[in-house]
Amino acid sequence: MSCHASRVTGHAVYILARVVKEVLAFCQRQAPNEALGVLVGRRCQHQGRRYVRVTDWATGSVDASPVHAEFTPQGVVECHVELDERYGPDRRPQIVGIFHSHPFGGEPSLSERDLATFGGFPYDAEGNVFVLVNPSTGHFLVFQRDGSGVLVEQEWVEYGPEAPEGGAGSER
Ligand SMILES: [Zn+2]
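Within each chain, residues carry numbers counting from 1 in the order of the written sequence. Per-residue local features are limited, in this predicted model, to residues with pLDDT of at least 70; the limit for side-chain atom pairs, both in listing and counting, is 80 or more; totals at the level of whole chains, interfaces and linings are taken over all residues.

## Examining the pairing of strand β4 (residues 62–65)
- DSSP bridges decide pairing: two strands pair if at least two such bridges lie between them. Each helix corresponds to a stretch of at least 4 residues labelled H or I by DSSP, and each strand to a stretch of at least 2 residues labelled E; elements are numbered beginning at the N terminus. The pairing of β4 with strand β5 (residues 68–71) spans four bridges and is antiparallel. By the bridge assignment, Ser65 is partnered in β5 with His68.
- Where β4 hands over to β5, the hairpin turn is made up of two residues, counted between the paired strands.

## Description of the sheet that holds strand β2 (residues 36–46)
- With respect to topology, eight strands assemble into an open sheet ordered β9-β8-β7-β6-β2-β3-β1-β10, the strand pairing being mixed. Of all strands in the sheet, those bounded by a partner on one side alone are β9 (151–154) and β10 (157–159). The sheet shows a mean angle of 35° between the axes of neighbouring strands, direction not considered.
- As judged from the three bridges shared by strand β1 (residues 13–16) and β10, these two strands associate in the parallel manner. Across the sheet, residue Ile15 finds its bridge partner in β10, namely Glu158.
- Along the sheet face, helix α1 (residues 17–30) touches β1, β2, β3 (49–58), β6 (94–101), β7 (129–134), β8 (139–145) and β10 and points at about 50° away from the line of β3. For helices, the fitted line uses only the C-alpha atoms of the stretch in contact; every axis is such a line through C-alpha atoms, and the angle between N-to-C directions lies from 0 to 180 degrees. Think of it this way: build a C-beta for each residue from its backbone, and any pair within 7 Å is a contact.

And the structure:
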């Protein structure tokens, strides 16, 4: 499996359109509780630039309320089992980030607690993508750590299943 860059430059995060749609729908189903899940895909490097492609997502049991969501220990296992089942243990894409929702208010922002959680292991891996969704407004924000470790909102590209330049091949 190889990574292919599209012609679009200036963005480091690419999210498959199906993933955007499914994650939004999932967050809507979980409302009024927060929703939580992992993002999977590939970390790539092309002409010296690093970028991340998000190609799928998964979730497991979550301890959730309207202002909180956290995987149960079993939920973490379920995420891995689900991905193993879907891809086979040898062909699994990497976990490249996490999404959660704030099903209240308008444009969501990361809370102090989010910043504390995502600032440490296992979320501090380089290039990890943090998606924050407000299912009632449709906000879908992407954050990444900048050079100094601060989480900053990032522009991102939603891409279709067809490779933009052809030749990138279908993955199915
Ligand atoms: Zn939060």
